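Each chain, letter by letter, is given below.
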Amino acid sequence: MNSIHQSPLVHTQNFIGGQWQSSKSDQKIEVRNPADQSLLAEIECISSKDYESIIVYAQAAFDQWKISSAPDRSKLLTALHQKILQHQNELAHIITLEQGKSIAQSLGEIRYAADFCLWYAEEAKRIYGDVIDGPSYQEKFLVLRAPVGICAAITPWNFPLAMITRKLAPAIAAGCSMIIKPSEETPLTALALGEILSQIAMPKGLVQIINGNPQDIGEFFCSHPAISKLTFTGSTEVGKLLMKQCASSVKNISLELGGNAPFIVFEDADLDRAVEGAMSSKFRNTGQTCICSNRFLIHKNILDAFVEKMKRKMKDLRVGKGIEGDHDICPLINASAMNKIQNLVREAVDQGAQVLMGAEPSSQSQTYVPTMLKNIQPNMNIFKQEIFGPVVAITSFETEAQAIALANQTHYGLAAYFYTENFSRSFRVAQALEYGMIGVNKVAVSYTAAPFGGVKQSGLGREGSKFGLDEYVEKKSVALAI
C-alpha cells in the first residue's frame, strides 16, 4: 500500500445515502499507481443487491431537492467550490498517484473542476422560462423548465475530478439527484469528492458514488425505470452500447465520446505561435485527452520549418513520474494504453512513416517518449484512430481544400485547430470543419462558460456553459386560459 491512506479524503467503500457503506459483494477493484504499478488501494464493488437502496435514496433526495430554491442550490454549489479548493493539495496528491499526471497538472484540473461548481452556482439562479402569447388575448402558454429527475453519470479516468463536476454541478443546479460511477482506474478521486460532499449540508442521497463491474452498473443505469438521465464520457464504442441499452426506455442521454482532432497549419500562419499551440494541445496530460491534437496537417512549404521548431521544443519536454516533479510526460494510465501506442507507431513505420524522433518506450515504467512521425497517410490507423499518447503524426497538404478534406476525413467531430493569419480564411475554414469545437490560432477551447461537445460520432449534447444546464431540465408547456 501507499502513503495515500494517510489522507482523510481516502475511502474504499461506496458513498450511498450520505454515508460510507460496505458492499454486499466481496469483490474488489485494485487501484494501482501507473508510475510503478504499486497497489494503492482495494475498492469495494457494489452488489446488485444494493441497487434498490441506492434508488430509494436518490428518489427521496430528488423529491426534496426539486422543490428547493435557486438560492439554496447556489449555496450548495458555492460551498462545494470552496471545499474543493480547501482540499486541493490533498486532491492533487490522490489524482497524481492514481492517474499519473504531474502535481502541477493535477492542481490545474482541480481548479478547473471547482470552476464548474462556481459557474453553475450562478446559473442555478437563471433557470428561466417563457411566456408565449396564445391564439387569443385570453390565452397564454407558460414554458417551465423542470429538473429531469434522477441522473446517472459514468466518468473517465483522464480527468477524474473535472469530468465529474462538469456533470454534477449542472445537475444539482437544475434540481436533480445523481449517482456517479467513476472509472475503475481512478475511483479514489471520486470517493475523495464524496468525503468533501459529506461535509456539506444536503439531502442524503443527492449525490452517491458507487464502484463495481462497469458492464453491470451500466446495465443498471440504462435499464432502471427510476433513472431518467444517463450522462457518459468515454469511448465511442462504449457510448454506442449505452445508447443502445437506453433505447428500450427512451432514456434521456448525453454522450461525450472520442475525438480525432486535426491541427492544421497553413502557409501564412505565425509558425512560432502554431508550434506553441501544438505543444500545449498535444502533450497536456501526456496526450491523454479527448481534445488532444491527433493529426498534424502542415502545408508542404512550411513543413521542414515546422518540424525543426517542434523538435526543438519536444526535446525540452521533461519525462518522469508525476509525483516526483513538474514533468510534462508522465506514465500512461495502463499497459493497454502503452501497447496501443506502440502498435500504432510500429504499424505506421512499417507502412512508410518516417521516424523523426522517439518511437520507443522510456526507461521510466509505462512511459512512452515524445515521438514525431511524418509521411503519415490517411489509410494508416494512426491517422484514423485516437492515439491518446505523446505522438505527433504529420501529414502534409498543398491547398486549403485538401486540408479541409483531410481534417473532415473521420467519423469523429469533437475538436479541431488551425493556424492562419488570413482573416477571411479563418471564417471559411471554421465554417467548413465538421467539429463541435474549433480553435483558431489558439488551442484552449475548453472553458466553463463555453459549450463542450462534438458532432458525428463524438457525442450528443453539450457540457459546460449555459447550454450544459439544458441537459438536466425538461421543458413543460402549460396552456393557460385567463
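This text goes with the structure placed above it.
So, here is what we can say about the structure in this document. Remember, it's a predicted structure, so these values are computed and weren't measured experimentally.

Considering the overall build of the chain
Here's step 1: The helix and strand inventory of the chain stands at 15 helices and 22 strands.
Here's step 2: In terms of overall size, the chain behaves like a compact globule, its C-alpha atoms giving a radius of gyration of 23 Å where 482 residues would be expected to give roughly 23 Å.
Here's step 3: Seen through its C-alpha atoms, the chain measures out along the principal axes to roughly 70 × 65 × 40 Å.
Here's step 4: Taking all 482 residues of the chain together, the buried fraction comes to 57%.
Here's step 5: At a minimum sequence separation of 6, the contacts of the chain that also span at least 24 residues come to 72%.
Here's step 6: Taken as a whole, the chain presents about 19200 Å² of accessible surface, with 50% of it coming from carbon and sulfur.
Here's step 7: For the chain, the distance from the average position of its 46 positive side-chain charges to the average position of its 48 negative side-chain charges is 3 Å.

Regarding the environment of Ala-261
Here's step 1: Within the fold, Ala-261 resides in strand β12 (residues 261–265).
Here's step 2: For Ala-261, a relative accessible area of 0% translates into the label buried.
Here's step 3: Discounting residues that sit within four places of it in the chain, Ala-261 has contacts with Ile-291, Cys-292, Ser-293, Asn-294, Arg-295, Ala-415 and Tyr-417.

Some details on the pattern of salt bridges
Here's step 1: What the rule picks out here adds up to 22 salt bridges.
Here's step 2: Between Glu-122 and Lys-125 there is a salt bridge, with the nearest N and O atoms lying 3.8 Å from each other.
Here's step 3: Glu-463 is the salt-bridge partner of Lys-167, the closest N and O atoms lying 2.6 Å from each other. With Lys-167 in helix α5 (residues 162–174) and Glu-463 in the loop between β21 (459–460) and α15 (465–470), the pair connects residues that are 296 residues apart, well separated along the chain.
Here's step 4: Residue classification places Lys-167 among the buried positions, given a relative accessible area of 0%.

Remarks on the pairing of strand β8 (residues 177–181)
Here's step 1: Counting buried residues in β8 gives five out of five residues, a clear majority hidden from the surface.
Here's step 2: Burial of β8 is two-sided: the residues Ser-177, Ile-179 and Lys-181 facing one way and the residues Met-178 and Ile-180 facing the other way are all buried.
Here's step 3: The sheet contact formed by strand β7 (residues 150–154) and β8 spans five bridges and is parallel. Considered in β8, the bridge of Ala-153 is made with Ile-180.
Here's step 4: In terms of handedness, the path from β7 via α5 over to β8 forms a crossover that is right-handed.

Thoughts on the packing of aromatic side chains
Here's step 1: This model, assessed by the stated rule, comprises twelve aromatic pairs.
Here's step 2: Summarising the aromatic geometry, the rings of Phe-220 and Phe-221 are spaced 5.5 Å apart at their centres and angled 40° between planes, so their arrangement reads as tilted. As far as the burial class goes, Phe-220 and Phe-221 line up, both buried.
Here's step 3: Positioned above the aromatic ring of Tyr-472, the side-chain terminus of Lys-229 is 5.3 Å from the ring centre.

Brief notes about helix α10 (residues 303–315)
Here's step 1: Between the first and last C-alpha of α10 there are 18 Å, a value that for 13 residues agrees with the 18 Å anticipated at 1.5 Å per step.
Here's step 2: Those residues of α10 that fall on the buried side of the exposure criterion are Leu-303, Phe-306, Val-307, Met-310, Lys-311 and Met-314. Looking straight down α10, one finds its buried side chains confined to an arc of 130°; they lie on one side. Away from its buried face by more than 90 degrees, α10 exposes Asp-304, Arg-312 and Lys-315.
Here's step 3: Each element contacted by the buried residues of α10 is listed here: β12, α9 (271–283), β13 (293–299), β14 (354–357), β15 (371–374) and β16 (391–397).

Let's talk about the nonpolar core
Here's step 1: The biggest cluster of nonpolar side chains holds 64 residues, and the ones touching the most others in it are Leu-80, Ile-84, Leu-168 and Leu-188.
Here's step 2: Filtering out sequence-adjacent residues up to four positions away, Leu-168 remains in contact with Leu-80, Met-178, Ile-180, Leu-193, Leu-197 and Val-207.
Here's step 3: Residues Cys-290, Phe-296, Ile-329 and Val-443 belong to the second largest nonpolar core, which totals 35 residues.

Parameters at a glance
Numbering of residues starts from 1 in each chain and follows the order in which that chain's sequence is written. Owing to the predicted nature of the model, reporting of local features is limited to residues with pLDDT of at least 70; listing and counting of side-chain atom pairs is limited to 80 or more, with chain, interface and lining totals taken over all residues. With hydrogens and water stripped out, all remaining heavy atoms of the structure feed into the side-chain values. Secondary structure follows DSSP: runs of H or I at least 4 residues long count as helices, runs of E at least 2 residues long count as strands, and numbering of each begins at the N terminus. To get the radius of gyration, use the C-alpha atoms; to get the globule rule, take the number of residues to the power 0.38 and multiply by 2.2 Å. Relative accessibility thresholds used throughout: buried, under 20% of the residue-type maximum; exposed, over 50%; partly exposed, between the two (1.4 Å probe, protein chains only). Contacts are assigned to residue pairs with any non-hydrogen atoms lying within 4.5 Å of each other. Every accessible area reported is derived by Shrake-Rupley at a probe size of 1.4 Å, with residue values counting cover from the shown protein chains alone. As used throughout, the charge tally considers Lys and Arg to be positive and Asp and Glu to be negative, leaving His and the chain termini uncounted. To locate a charge, take NZ of a lysine, CZ of an arginine, CG of an aspartate or CD of a glutamate. For this document, the term salt bridge refers to a Lys or Arg side-chain nitrogen within 4 Å of an Asp or Glu carboxyl oxygen. Pairing between two strands requires that DSSP report at least two bridges joining them. The definition of a right-handed crossover adopted here requires that, viewed with the strands pointing away, the path from the first strand over the helix to the second runs clockwise. Pairing of aromatic rings covers Phe, Tyr and Trp, the last counted by its six-membered ring, and requires centre-to-centre distances within 6.5 Å; plane angles under 30 degrees mean stacked, over 60 mean edge-to-face, and any other angle means tilted. When the NZ atom of lysine or the CZ atom of arginine is within 6 Å of a ring's centre and also within 35 degrees of its normal, the charge is said to sit over that ring. One fewer than the residue count of a helix, multiplied by 1.5 Å, yields its expected span. Working definition: the arc comes from the directions between the helix axis and the C-beta atoms, pointing outward to the latter. To qualify as a nonpolar core, a set must consist of buried Ala, Val, Leu, Ile, Met, Phe, Trp, Tyr and Cys residues joined through side-chain atoms within 4.5 Å.

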